[in-house]
Amino acid sequence: MNYFELFNIPVSFDVDMSVLPKTYQQLQRLTHPDKFASGSEQDKLVAIQKNSQVNDAYSVLKSPLSRAEYLLSLRGIDLQHEQKTINNSAFLMQQMEWREELAEITEQADPLSALESLEHEINQTIKADLIKLQNLLESNQVDAEKNAADIIRELKFLYKMLSEIELKEDLLSDF
Amino acid sequence: MALLQISEPGQSAAPHQRKLAVGIDLGTTNSLVASVRSGEALTLADSQGRHLLPSVVRYLADSVVIGQEAKQQASSDPTNTIVSVKRFLGRSVQDIEAAYPNLPYQFTNSLSPVMTVASGNVNPVQVSAQILKELKKRAQQTLGDELQGAVVTVPAYFDDAQRQGTKDAAALAGLKVLRLLNEPTAAAVAYGLDSGQEGIIAVYDLGGGTFDISILRLSKGVFEVLATGGDSALGGDDFDALLVEFIRQKSELIGTLSKSLHRVLLDKAKEAKEALSEQRSYNVDFEDDTGKHHSVTVSLEHFETLIEPLVKNTLRACRRALKDAQLQKSQVIEVVMVGGSTRVPLVCKQVGDFFERTPLTSIDPDRVVAIGAAIQADILVGNKPDSDMLLLDVLPLSLGIETMGGLTEKVIQRNTTIPVSKAQEFTTFKDGQTAMMVHVVQGERELVKDCRSLAKFTLHGIPPMAAGAAHIRVTFQVDADGLLNVSAMEKSTGVQAQIQVKPSYGLEDSEIADMLKASMDNAQGDMQARMLKEQQVEAARVQENLQGALDADGEALLQPSEIQAIEAGITKLSELAKGTDKDAIKAAIEQVDKLSETFAQKRMDQSIKSAFSGQSVDRI
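Residues numbered from 1 in each chain as written. Chains lettered and ligands numbered in written order. Predicted model: local features only at pLDDT ≥ 70, side-chain atom pairs only at ≥ 80, totals over all residues. Heavy atoms only, no water.

A.B. asks: What should I look at first to understand the overall build of chain A in this one?
C.D. replies: Within chain A, the regular secondary structure consists of 7 helices and 0 strands. Reading chain A from its N end, one meets helices and strands in the order α-α-α-α-α-α-α. The C-alpha atoms of chain A give 20 Å as radius of gyration, which overshoots the globular expectation for 175 residues (16 Å, by more than 25%). Of all 175 residues assigned to chain A, the portion counted as buried reaches 43%. Put simply, 69% of the contacts in chain A that link residues at least 6 apart link residues at least 24 apart. Approximately 9200 Å² of chain A is accessible, and the part contributed by carbon and sulfur atoms is 52%. Here chain A carries 17 positive and 30 negative side-chain charges, and the mean point of each set is 8 Å from the other. (Helix = DSSP H or I, 4+ residues; strand = E, 2+ residues; numbered from the N terminus. Rg over C-alpha atoms; globule rule 2.2 N^0.38 Å. Buried < 20%, exposed > 50% of the residue type's maximum accessible area, 1.4 Å probe, protein only. Contact = heavy atoms within 4.5 Å. Areas by Shrake-Rupley, 256 points an atom, 1.4 Å probe, with all protein chains shown as cover. Lys, Arg positive; Asp, Glu negative; His and termini not counted. Charge placed at Lys NZ, Arg CZ, Asp CG, Glu CD.)

A.B. asks: I'm lost on the interface of chain A and chain B in this one. Help?
C.D. replies: Every contact between the two is made by 42 residues of chain A and, on the other side, 44 residues of chain B. Buried surface at the junction of chain A and chain B, both sides included, amounts to about 3700 Å², of which 55% is carbon and sulfur. Scanning the region where chain A abuts chain B turns up 4 salt bridges. One salt bridge in this structure joins Asp56 of chain A and Lys422 of chain B, with 3.5 Å as the shortest N-O distance. Inspection of the chain A/chain B interface yields 12 residue pairs in polar contact (both at pLDDT 80 or more). Going through the elements one at a time, α2 (20-31), α3 (41-62) and α7 (144-172) of chain A are the ones with two or more residues in the side of chain A that touches chain B. Across the side of chain A that touches chain B, the residue classes break down as 14 nonpolar, 16 polar and 12 charged. (Buried area = accessible area lost by both parts, 1.4 Å probe. Salt bridge = Lys/Arg side-chain N within 4 Å of Asp/Glu carboxyl O. Polar contact = N/O pair within 3.5 Å; in protein donor to acceptor, adjacent residues only side chain to side chain. Nonpolar A, V, L, I, M, F, W, Y, C, P; charged D, E, K, R; others polar.)

A.B. asks: Before we go on, may I ask you to explain the sheet that holds strand β7 (residues 81-83) of chain B in this structure?
C.D. replies: Adjacent strands of a sheet form backbone hydrogen bonds with each other and so pair up, either parallel or antiparallel. All names here are of chain B. Spatial strand order, β6-β5-β7: 3 strands in an open sheet with antiparallel pairing. At either end of the open sheet lies a strand with only one pairing partner, and these are β6 (64-66) and β7. Strand after strand, the sheet turns through a mean of 15° between neighbouring axes, direction not considered. Pairing geometry for strand β5 (residues 56-59) and β7, over 3 bridges, is antiparallel. Counterpart to Val56 in the pairing with β7 is Val83. Most of the contacts of helix α3 (residues 124-143) go to β5, to which it runs at about 110°, and overall it touches β5, β6 and β7. (Pairing = 2+ DSSP bridges. Axes fitted to C-alpha atoms, helices over the stretch in contact; angles between N-to-C directions.)

A.B. asks: Where do I start with the packing of α3 of chain A against helix α4 (residues 64-74) of chain A in this structure?
C.D. replies: Any two packed helices are characterised by how steeply their axes cross, that is the angle between the axes, and by the distance between the axes. All names here are of chain A. Relative orientation of the contacting elements α3 and α4 amounts to 105°, with a least axis distance of 5 Å. As judged from the angle between their axes, α3 and α4 are roughly perpendicular. In this structure, α3 contributes Ser59, Val60, Leu61 and Lys62 to the contact, and α4 contributes Pro64, Ser66, Arg67 and Tyr70. Its residues assigned to classes, the contact of α3 with α4 shows 4 nonpolar, 2 polar and 2 charged. (Parallel < 35°, antiparallel > 145°, perpendicular 65-115°, else oblique.)

A.B. asks: What am I meant to see in the nonpolar core here?
C.D. replies: Nonpolar side chains in soluble globular proteins tend to end up buried together. With 49 residues, the main nonpolar core has Phe7, Ile122, Leu133, Leu137 and Leu155 of chain A as its most contacted residues. Counting residues per element, this core draws most heavily on α7 of chain A, at 10 residues. Leave out the neighbours within four places in its chain, and Leu155 of chain A touches Leu65, Ile126, Asp129, Leu130 and Leu133 of chain A. Core analysis: the next-biggest nonpolar cluster, separate from the first, contains 48 residues, Ile215, Ala227, Leu253 and Val284 of chain B among them. (Core = buried A, V, L, I, M, F, W, Y, C linked by side-chain atoms within 4.5 Å.)

A.B. asks: Looking at this structure, I do not really get α3 of chain B. What am I missing?
C.D. replies: Given 3.6 residues to a turn, an α-helix orients residues that are three or four positions apart in the same direction. Residue and element names in this part refer to chain B. The end-to-end C-alpha separation of α3 is 28 Å, in line with the 28 Å expected for 20 residues at 1.5 Å each. The set of residues buried in α3 consists of Pro124, Val125, Val127, Ser128, Ala129, Gln130, Ile131, Leu132, Leu135, Arg138, Ala139 and Leu143. Taking the backbone nitrogen of Val125 as reference, a side-chain oxygen 3.1 Å away marks Asn123 as the first, capping residue of α3. (Expected span 1.5 Å × (residues − 1).)

A.B. asks: Just checking my understanding: could you explain the pairing of strand β24 (residues 471-478) of chain B for this structure?
C.D. replies: Looking down a regular strand, the side chains alternate between one sheet face and the other. Residues and elements named next belong to chain B. Here 8 bridges tie strand β21 (residues 420-427) to β24, and the two strands are oriented antiparallel to one another. The residue bridging Thr427 from the neighbouring strand is His471, located in β24. In this structure, β24 lies alongside strand β25 (residues 484-490), joined through 7 bridges in antiparallel fashion. Across the sheet, Thr475 pairs through a bridge with Ser487, a residue of β25.

A.B. asks: Explain the side chain of Asp77 of chain B here, please?
C.D. replies: All names here are of chain B. For Asp77, the location among the structural elements is in the loop between α1 (68-72) and β7. With relative accessibility at 13%, the residue Asp77 sits in the buried group. A polar contact is formed between the side chain of Asp77 and the side chain of Asn80, at a distance of 3.0 Å.

A.B. asks: I would appreciate a short explanation of the sheet that holds strand β14 (residues 222-231) of chain B in the present structure.
C.D. replies: Residues and elements named next belong to chain B. The strand order β17-β12-β13-β14-β18 describes an open sheet built from 5 strands, whose pairing is mixed. What marks the edges here is a single partner per strand, and that holds for β17 (332-338) and β18 (390-392). Sheet twist, expressed as the average angle between the axes of neighbouring strands with direction ignored, equals 25°. As paired elements, strand β12 (residues 199-206) and β17 share 6 bridges and run parallel to each other. Paired with Tyr204 across the two strands is Met337, which belongs to β17. Against the sheet, helix α9 (residues 345-355) touches β12, β13 (211-219) and β17, its axis set at about 165° to β17.

A.B. asks: Please explain the packing of aromatic side chains as it appears in this structure.
C.D. replies: Any pair of aromatic rings gets described here by the distance separating the centres and the angle formed by the planes. In this structure the tally under the stated criterion is 10 aromatic pairs over all chains. Aromatic rings pair up to connect Tyr3, Phe4 and Tyr70 of chain A into one cluster. Geometry around Phe354 of chain B places Lys329 of chain B over its ring, the cationic atom sitting 4.4 Å from the centre. (Phe/Tyr/Trp six-rings, centres within 6.5 Å; stacked < 30°, edge-to-face > 60°. Lys NZ or Arg CZ within 6 Å of the ring centre and 35° of its normal.)

A.B. asks: Would you explain the environment of Val154 of chain B in this entry?
C.D. replies: Here Val154 of chain B shows up in strand β10 (residues 149-154). Setting aside anything within four residues of it in sequence, one finds Val154 of chain B in contact with Arg163, Thr166, Leu181, Asn182 and Glu183 of chain B.

A.B. asks: Mind showing me how you'd approach the confidence of the model for chain B here?
C.D. replies: The predicted structure's coordinates, where accompanied by low pLDDT, should not be read in detail. Predicted confidence across chain B gives a mean pLDDT of 87, with 91% of residues reaching 70 or more. Scored by ipTM, the complex comes to 0.85, with pTM at 0.85. (pLDDT = per-residue confidence, 0-100.)

A.B. asks: What should I look at first to understand helix α8 (residues 300-324) of chain B in this one?
C.D. replies: Residues and elements named next belong to chain B. Given a rise of 1.5 Å per residue, 25 residues ought to cover 36 Å, and the 35 Å separating the end C-alpha atoms of α8 matches this to within 8%. Within α8, the axis deviates most sharply at Ile307, by approximately 45°, and proline Pro309 lies no more than four positions further along. Within the sequence span of α8, burial applies to Leu300, Phe303, Ile307, Leu310, Val311, Thr314, Leu315, Ala317, Cys318, Ala321 and Leu322. Phi turns positive one or two residues past the end of α8, at Gln326, with a value near 55°. (Bend = angle between axes of the 7 residues up to and from the residue.)

A.B. asks: What is the right way to look at the pairing of β10 of chain B in this model?
C.D. replies: Residue and element names in this part refer to chain B. Within β10, 6 of the 6 residues are buried, leaving the element largely enclosed by the surrounding structure. Note: strand β1 (residues 21-25) against β10, 5 bridges, orientation parallel. Bridge assignment links Ala21 to a residue of β10, and that residue is Gly149. Bridge count between β10 and strand β11 (residues 177-182): 5 bridges; the pairing is parallel. Bridging from a neighbouring strand, Val152 pairs with Leu180 of β11. The β-α-β motif built from β10, the intervening helix α4 (residues 160-172) and the parallel element β11 has right-handed crossover chirality. (Right-handed = clockwise from strand over helix to strand, strands pointing away.)

This is the structure:
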């Protein structure tokens, strides 16, 4: 049973986020070890295993990046253990610019609002990438999967960048 | 045709009889036990009407005193009176002495905290077990029957070693642990927030020695912890320590305080702290070791200036937890206050200011956790089969392994909902290598030395191959109690590698068994009887559940031959369970488990399938 089947939804990048949490709750009620508290050790063990799967499936399905990565893995492309690097030079240049901006942001007159605008810019890029990703994953064109994999690699950089911005924000707004 | 089961008189419970289960708050300063009686969860008092049991254990040469009576002797007999032992669970002596430099205890070595007391040596698990035993005794006397199980609470921020220590202590006290429950979750349950309310709630828990902040989402009886944070070494005791230092400076006492004077000042500091919840200043009077009298006035302003940095630290953790949950302050609909230290007015005010709403304080902050735990225990033991309450907790600290150069590689991220299972692959780096060491750590920092060392595993029995050819899959399984289990397998050959667990600070299974033996007054006999009874109870459980499952789903999910095999196993088990050979019963249970494993999995999948098909019918 793959994660989509477990959640009783079609194998697709497009997931109805209003239904997913409800299904999750329903699966929790069926599989949580507490529901087997008076059962035998074996019942509890089976519940722990199934429930772990439910938790993992939910965390994979609810985030678009991990969902896309999982979809590709179902199609035989494993991005988890790869060593491949990005060779899109335009993207790499942009990355470097952003990183420099972040490193020097404390020297700005208003570092917090500078951070905010950087965050906004990256969020916009992520949004655009996710739309591209959706189109690629739903298309039948040649190389769609290869191109989707490239976008996923870029998105990983972007999300990492976002968490670094958050860390910086924490440092700057400490009270 | 199903046969009627006829039990021997007195051996089977009447169908409507309630099973006794309790909730236990094993606190740093005080501990409590609560139970649901006539539909209401109440804390249980001792024979003198006292609900709080001070978490203090005094060891005399041939007896043990627990609670209030022990607490009263803490100043006069500091080395034999163990106070706030919870701070030592799952910790090394080095950690403990760094955090609490003025402890009066004599640690026997520099690694695990074994203390020398009048009756010999004791460790934190044994001291905690004494407190649990006392509560168990109180519950059995009040409720008039044997306990079927207990929910024991732990701070959400407790790591694996601290949780394991708590569970070991319960085992040592002869309690069946239904679940280790996070204190904030228990508090949310106690407020009955499940009834109708939906939304985000924050639980701010400042106890004697620990601080937790948890962000929960409530929806239709499901309490889902979204994020948790805090500090397992920050609490009201730190307020006291700051006050002691303040008093010491004001009274110009130079150098290290004697153990007994330190204890006297600690008691005075606690009095001052409590008084300052209601008045603007407090006078501390005491005599030093030379008999000289001192009088120090502590004003509310002094006190608040002293503790403000600590309160700010807690708010920083609140902000971080909200961030982890990806929520704004304004989305929080309720703030629940837990722990005696939330009685300090500055704490309540600052928390209220931070969340911009008045915190909930209607349930006694000392009792709220035990009450919530009792409600959960009542459900888990099976007294409320129709309850739809479900508590989903998270892993408080990331789990990782040591990689080259002393770096940590995270295997499971913090705030992941538990139970959770993650696998990691390793390979050999030498030709013919047959063993490999894995160092498991818990924490957020990049360097292994900055994280908490949980255990070192040695994988033996890897088939000899060329370097890099063996693929060892190590699975980290965290259960609903937040406890880690590790298993390993070489993929190409399917060889199961054996794992030797060497807990870094906790106790090994054999040590627990030894302590259990030592704790039995009549040694061997009792121990054997208890272990036999445990196996018989489990055997009965297996028989009953499995027969029920076979009757319900056997024909639909299994071949006739499979049903026959399982039934034969059950028959054999029930024969053996009548005897007294506990090892044979255990082996028969394992045999039946093996026979029915696939069946159990199929039933689980079946229940999911039928739930979904029911739903699609509803939709039409």
